Amino acid sequence: MTGSPVVFVVDDDSAVRDSLRRLITSVGFIVEVFPSAPAFMRARRPDAPGCLVLDVRLPGLSGLDLQRELADTDAALPIIFLTGHGDIPMSVRAMKAGAVEFLTKPFREQDLLDAIRSAIERDREARQERHELAELRGRYASLTPRERDVLARIVAGLLNKQIAGELGTSEVTVKEQRGHLMRKMQAGSVADLVRFASRLGIPSAGSGPSLPVRTIPSV
Amino acid sequence: MAVDLDAGTHGLRTALRDLVALSAIPAAWVGREPSAIAAGLADVLVGSLHLDFAFVRLCDPDGGAAVEVTAGNAWKTFPEWLQHHLAGAGQSLRKEVIPDVGVGVEPCRGIFLPIGVNAEGGLVAAACDRTDFPTEIDQLLLSVAANHAATAFQNARLIYERKRAEGELRQARDELELKVAERTAELRRSEAYLAEAQRLTHTGSWAWNISTGQKIHASEEYARLFGFDPEQGMPSFEAFRQRIHPEDRARAGEILDRAIRERTDFEWDFRAVLPNGTLKYIHAVAHPVLNASGDLVEFVGTNVDVTERKQAEAQLRESEQRYRYIFESTGVSIWEEDFSQVKAAIDELQSKGVRDFREYLAAHPDFVQQAISMVRIVDVNDVTVKLFAAERKNDLLVSLHKVFVPETQEVFAAELIALAEGQRSFAAETFLQTLKGERLTVLFTVTFPPRPARFDSVLATVTDITERKRTEESLRQSQAELAHVTRVTTLGELTASIAHEINQPLAAIVADANASLNWLAAAHPDLDVVREALAAIVQDGHRAADVIQRLRQLASKTEPHKARLDVNNLIRDVAPLVRTAVLSHRVSLRMDLASALPPVHGDRVQLQQVLINLVMNGIEAMASVGDRPPELVIRSRPYGGDQVLVAVQDTGVGIDPNTIDQLFSAFFTTKPGGLGMGLSISRSIIDAHGGRLWATPNPTHGATFHFALPGIR
């Protein structure tokens, strides 16, 4: 399912670009370099964990612009920003927008490689997360509407009897539907189900006590 | 005897009758022509005395032509005889009785009778066939008749002479009258000329009789001088006197009295006041006229209106004073110099065919030396005395050599060339020295008179600009320092850009070095990659060094150093320095550079500073504009013949027409944090390069700043 990690480099300065390619290759990563943001956006990316080493100041579409555009797609990538002359407001903006690291040229090799490794790890996790989420979504999609109603109330912590009361059905029926949806969702326990619901962002329903809902981490 | 007596009485009576008849004749001859008298006498002799033939010759005692007349029927022989006789007798003619003149049948007797002594009055000859001819009575009657005729002839002559004299006299009188008429006309003409001349020269003439105290002559112009109309008749002596200026009137009397006393010529100037208040200046000259006994009779004189001359003199005096005042009081040192000898020397060289004086002076430096000695210093003003530290004026009126230093000779040579080429003026900056040896930097100007003119008074001015030069020098230094400060300030603004420019190659170097280390640490190092990385390191090292070199130039405080520059290279060198500023403001920067531009002579750092400044201004002008893309174009073009134009065009807010004049003033700024020195310094830099910096609004948006620099051919 996943290949070797790839490091993408976008820098308009060919000297910097090529030196980055040589350096990152030298530590065993696969590197793909691009002279501009649009060139990168146009390229097909392999199905593998990766990260983006991005120069902040680029002609045309800048590094920060590219970060914003990437965030709007499914193909989000952890970004390591490079800058010739970093200023604090710009690095704050970049970090807030989820940058892994903000390095000022000339950077220390270790800082860059650590950042790359950490970014790839993060991307690997994110990709895993995205994969699991897609699984969950598929399972959730297989539920009948009634099963989803029951699920929302289980997650909200209602008892079968209460659910039956709310939905205007019998406790037996709820019990039966509960068994179906637990199986479909591949949840071993109510705790698993709550965690799944939370990842899917399904709001709890009913008047029972609600549980704190974790937000889906953005990548 | 009785018969004889009777006959004698009868003869006497007849003789008396004839005598009476003869006596009446002269009265009839009065006023007759001599020829008529002679003819009348001949007729009387033939008719009254009953002679057969008469010949009358009347001589003019004054040597006039004689008149000869014959009457009666004579024998042919008598006139022949008479002619013969007259021819033979010559001047000694006597009374003669010729017994028989005829050679014919009838006897004929004749008489020859001179009139006056030696026949001065003429002669009478008569012939008759009477045998007693000529009787004594005949001779007496002939003699009386002849004398009467001679007298009448004499009278006739006198009358004739008188008439002739009268005629001549009449003619002479007529001629005289004609001459008088001619002379009168001439006199009138010359009087008219005189009057005209008097009018033109404003000269009036007069004559004044001493004994009567009256003006006996005053010309029309004389009257006009005093404001009288001559048509209205000549005013009185007193009327004239009243028009003399009251202050001059008493003096008029004194001068006249003394002239009368000493009988001398006199001359004086006085003023006349006319009724309309006009003041006239009159110059009078007079001469005494003495009679035969040496008594003073009258004065004749002329009065000339010299008002205009007086005014001109006053103006001239004023002008002279003004000139003197300027000469003395002006703050400029003025030298009045006599260039006559120099001019003559130049003229002589030119007449010998010297045309190119530049060439000539280069070949004959000694001529410059001689020419300096030839200049005679006529006068200098007080400023000059002070400026050249002289104790008195005369110390300077010696020779130009005293104030010249070696450098001055070059300028003097140029002045000689200007003079030789007929230029009207010459100015140059040069050095001179004071009499105390202190060196002066001066501005020297000289104005030559137009040709042909005398060169004995040429004015040269010397302005001491030593202090100004010092000030200029220090101003130049201050400006250079200020330019440096603004440059460093600009560099501060460019820090981000500069850091980027340096950090880029540094980052590449570090990355490549690390990559190389990594590869070398591998079990099987890929040396090709290492080589590639090392080559890149070398390249990037140079790149960083280049950037730093450029920065050091910009930040350095070295003296401006001008060299031959390519404007396009200048623009290309600036581009990386402003790249970050351009990028961070999302400005699109375009370069539109013309090829084949002439190089310029300039200081690279300063010109880059100007360009950076214009670019930064353009970027800032576009920062607040949101409705159109910020676009900056740097353009280079050939301009106005041999100049090079650089233009920086933006799409910013443009120039406020109210402040366009102040754009280039120091401390004028539209930026909140701006110092307002950028454009001011930029302009002074461009000025110092002999160029021009200006701004124009664009047709649509924004502004364009241009500078033009002289190109090197």
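Analysis parameters
Residues numbered from 1 in each chain as written. Chains lettered and ligands numbered in written order. Predicted model: local features only at pLDDT ≥ 70, side-chain atom pairs only at ≥ 80, totals over all residues. Heavy atoms only, no water. pLDDT = per-residue confidence, 0-100. Helix = DSSP H or I, 4+ residues; strand = E, 2+ residues; numbered from the N terminus. Phe/Tyr/Trp six-rings, centres within 6.5 Å; stacked < 30°, edge-to-face > 60°. Buried < 20%, exposed > 50% of the residue type's maximum accessible area, 1.4 Å probe, protein only. Lys NZ or Arg CZ within 6 Å of the ring centre and 35° of its normal. Contact = heavy atoms within 4.5 Å. Buried area = accessible area lost by both parts, 1.4 Å probe. Salt bridge = Lys/Arg side-chain N within 4 Å of Asp/Glu carboxyl O. Polar contact = N/O pair within 3.5 Å; in protein donor to acceptor, adjacent residues only side chain to side chain. Nonpolar A, V, L, I, M, F, W, Y, C, P; charged D, E, K, R; others polar. Pairing = 2+ DSSP bridges. Axes fitted to C-alpha atoms, helices over the stretch in contact; angles between N-to-C directions.

### Some details on the confidence of the model for chain B
Parts of the prediction with low pLDDT should not have their coordinates interpreted in detail.
All names here are of chain B.
Argument step 1. Per-chain confidence: chain B averages 83 in pLDDT, with 91% of residues scoring 70 or above.
Argument step 2. At the level of individual helices and strands, chain B shows its lowest average pLDDT in helix H3 (residues 77-89), which scores 68, and its highest in strand E20 (residues 643-649), which scores 94.
Argument step 3. Taken together, the chains of this predicted complex give a pTM of 0.44 and an interface ipTM of 0.72.

### Brief notes about the packing of aromatic side chains
Argument step 1. With the rule as written, the count across this model stands at 20 aromatic pairs over all chains.
Argument step 2. Centre to centre, the rings of Phe226(B) and Phe240(B) are 5.3 Å apart; their planes meet at 75°, and the pair counts as edge-to-face. Pair noted here: Phe226(B) is in the loop between helix H5 (220-225) and helix H6 (237-242) and Phe240(B) is in helix H6, with a separation of 14 residues, a long-range link.
Argument step 3. Taking relative accessible area as the criterion, Phe226(B) reaches 2% and is therefore assigned buried.
Argument step 4. Geometry around Phe8(A) places Arg45(A) over its ring, the cationic atom sitting 5.8 Å from the centre.
Argument step 5. Stacked on the ring of Phe431(B), the Lys or Arg Arg439(B) has its end atom at 4.3 Å from the ring centre.

### A few points about helix H19 (residues 678-688) of chain B
Argument step 1. Summarising burial for H19(B): 8 of the 11 residues are buried, a large majority.
Argument step 2. Gly678(B), Leu679(B), Ser680(B), Ile681(B), Ser682(B), Ser684(B), Ile685(B) and Ile686(B) are the residues of H19(B) that are buried.

### Overview of unusual backbone geometry
Argument step 1. For the peptide bond that leads from Lys105(A) to Pro106(A), omega is -10°, which places it in the cis range.
Argument step 2. Looking at where Pro106(A) falls in the secondary structure, it is placed in the loop between strand E5 (101-104) and helix H5 (109-142).
Argument step 3. At Ala389(B), a position not held by glycine, the phi torsion is positive, near 55°.
Argument step 4. Residue placement: Ala389(B) occurs in the loop between helix H12 (382-387) and helix H13 (406-420).
Argument step 5. Look at Ala389(B) and you get partly exposed, because its relative accessible area is 24%.
Argument step 6. Phi is positive for Arg586(B), which is not a glycine, with a value near 55°.
Argument step 7. Mapped onto the elements of the fold, Arg586(B) is located in the loop between helix H17 (567-584) and strand E17 (588-593).

### A short note on the interface of chain A and chain B
Argument step 1. Taken residue by residue, the interface counts 24 residues in chain A and 27 residues in chain B.
Argument step 2. When chain A packs against chain B, close to 2100 Å² is buried across both sides, 55% of that on carbon and sulfur atoms.
Argument step 3. The residue Arg22(A) makes a salt bridge to Glu532(B) at a minimum N-O spacing of 2.6 Å.
Argument step 4. Where chain A packs against chain B, one counts 10 residue pairs in polar contact (both at pLDDT 80 or more).
Argument step 5. In terms of residues, the side of chain A that touches chain B owes the most to one element, helix H1 (residues 14-26) of chain A, which gives 8 residues.
Argument step 6. Residue composition of the side of chain A that touches chain B, grouped by class: 8 nonpolar, 6 polar and 10 charged.

### As for the sheet that holds strand E2 (residues 67-72) of chain B
Residue and element names in this part refer to chain B.
Argument step 1. Read across the open sheet, the 5 strands follow the order E2-E1-E5-E4-E3; overall the sheet is antiparallel. Both edges of this open sheet fall to E2 and strand E3 (96-98), since each of them pairs with a single strand only. Direction aside, the axes of adjacent strands within the sheet are offset by 10° on average.
Argument step 2. Two strands pair when backbone bridges link them, and strand E1 (residues 53-58) and strand E5 (residues 122-128) are joined in this way by 6 bridges, in the antiparallel orientation. Within E5, the position partnered with Phe55 by the bridge is Ala125.
Argument step 3. Across the face of the sheet, helix H4 (residues 136-201) comes into contact with E1, E2, E3, strand E4 (109-115) and E5 while running at roughly 40° to E4.

### So, the sheet that holds strand E8 (residues 266-273) of chain B
All names here are of chain B.
Argument step 1. Pairing in this open sheet of 5 strands is antiparallel, and the strands run E7-E6-E10-E9-E8 from one edge to the other. Of all the strands in the sheet, the pair left with one neighbour each is strand E7 (215-218) and E8. With direction set aside, neighbouring strand axes in the sheet form an average angle of 25°.
Argument step 2. Taken together, the 8 bridges between E8 and strand E9 (residues 279-290) define a ladder with antiparallel strand orientation.

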